[in-house]
Amino acid sequence: MSFSLRDARLSDLAAITAIYADSVTNGTASYEMTPPDEAEMQERFLAITSRGYPYIAAEGHDGAFLGYAYASAFRTRPAYRWLVEDSIYLAPAARGQGIGRALLAELVDRCTTLGFRQMVAVIGGASPASIALHHAQGFELSGTLKGTGFKHGRWLDTVMMQRSLGDGNTSDPDQLAYPGTL
């Protein structure tokens, strides 16, 4: 499948909302039970992008919206400002085509450039595909939280994976870099 990556836009929100709704309804990546509407997704999009976090879209050469990825704060306390959490969602027809890999690689590059030092993946439902994707991008298993969600009639584990960005924790961060200034 031929595709390109670009910054996500407000005009993408209908597609973003539909892809996320499918994941909420049919998957375990999100532990939400009811898909949020487009107004809620717009609030979330603006909360992320207004802070300068990357939000990336994958688009087919035919103009079809294939998926999206973004980084956001793992926690809001100041000492966590060098750590981001990634999120990746794909349209069902776009899965298994290398789009998630491209989105994650671009997200890692952008977050490294912004000065972040660690990225964490919080993988709901311990999805083997998501674990493999993150492993292929240099993430290591940090731990498994057993039975953390109950969805689709079963208990779900949450897998935590992590990778260093840039110098990681081998040097002090640049206090003037993006994570320390917004």
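Trainee: Sorry, what's going on with the overall build of the chain here?
Mentor: For the chain, the count of helices and strands is four helices and seven strands. On C-alpha atoms alone, the chain measures out to a radius of gyration of 16 Å, which is about the 16 Å that the 2.2 N^0.38 rule sets for 182 residues. Taken along the three principal axes of its C-alpha coordinates, the chain extends 40 × 40 × 30 Å. In the chain, buried positions account for 43% of the 182 residues.

Trainee: What am I meant to see in the environment of Ala-47 here?
Mentor: Here Ala-47 shows up in helix α2 (residues 38-49). The partly exposed category is assigned to Ala-47, whose relative accessible area is 45%. Expressed as a C-alpha distance, the spacing of Ala-47 and Ser-72, which sit 25 residues apart in the sequence, is 9.2 Å.

Trainee: Which parts of the structure should I look at to understand the pairing of strand β6 (residues 140-151)?
Mentor: One face of the sheet, then the other: side chains in a regular strand alternate in exactly this way. Pairing between β6 and strand β7 (residues 154-164): eight bridges, direction antiparallel. Its bridge partner being in β7, Gly-149 is matched across the sheet by Leu-156. Hairpin geometry of β6 and β7 is characterised by an intervening segment of two residues between the two adjacent antiparallel strands and by a positive phi of about 55 degrees at His-152.

Trainee: I would appreciate a short explanation of the pattern of salt bridges in the present structure.
Mentor: Working definition: two side chains of opposite charge can pair if their charged atoms are close together. All chains considered together, the criterion is met by eight salt bridges. The salt bridge involving Lys-146 is made with Asp-157; its shortest N-O contact spans 3.9 Å. With Lys-146 in strand β6 and Asp-157 in strand β7, this pair connects stretches of sequence that are eleven residues apart. Since its relative accessible area comes to 64%, Lys-146 is described here as exposed.

Trainee: Even after reading the chapter, I still don't get the sheet that holds strand β2 (residues 55-60), so can you show me in this structure?
Mentor: The strands making up a sheet associate through hydrogen bonds between their backbones, and the pairing can be parallel or antiparallel. Ordered by their spatial adjacency, seven strands build an open sheet running β1-β2-β3-β4-β5-β7-β6, and the pairing between neighbours is mixed. Strands with a single pairing partner mark the edges of an open sheet, and in this sheet they are β1 (3-7) and β6. For this sheet, the mean angle separating the axes of adjacent strands, direction not counted, is 25 degrees. Pairing analysis gives seven bridges linking strand β5 (residues 118-124) to β7, with the strands arranged antiparallel. Each bridged residue has a counterpart across the sheet, and for Gln-118 the counterpart in β7 is Ser-164.

Rules used throughout
Sequence order sets the numbering: in each chain, residues are counted from 1 along the sequence as written. It should be noted that, the model being predicted, local features are given only for residues of pLDDT at least 70 and side-chain atom pairs only at 80 or more, the latter also being counted only at that level, while totals for whole chains, interfaces and linings use all residues. Hydrogens and waters are ignored; side-chain quantities use all the structure's heavy atoms. Secondary structure elements are taken from DSSP: a helix is a run of H or I of four residues or more, a strand is a run of E of two residues or more, and numbering for both begins at the N terminus. Between the two quantities, the radius of gyration covers C-alpha atoms and the globule rule is 2.2 Å times the number of residues to the power 0.38. Relative accessible area decides the class of each residue, using a 1.4 Å probe on protein chains only: under 20% of the type maximum gives buried, over 50% gives exposed, and in between gives partly exposed. One requirement defines pairing of two strands: DSSP has to find at least two bridges between them. Any carboxyl oxygen of Asp or Glu that lies within 4 Å of a side-chain nitrogen of Lys or Arg is treated as forming a salt bridge with it. Only C-alpha atoms enter the line fits that serve as axes; for helices the fit covers just the stretch in contact. Angles between N-to-C directions range over 0 to 180 degrees.

Honestly, it's all geometry; don't read function into it.
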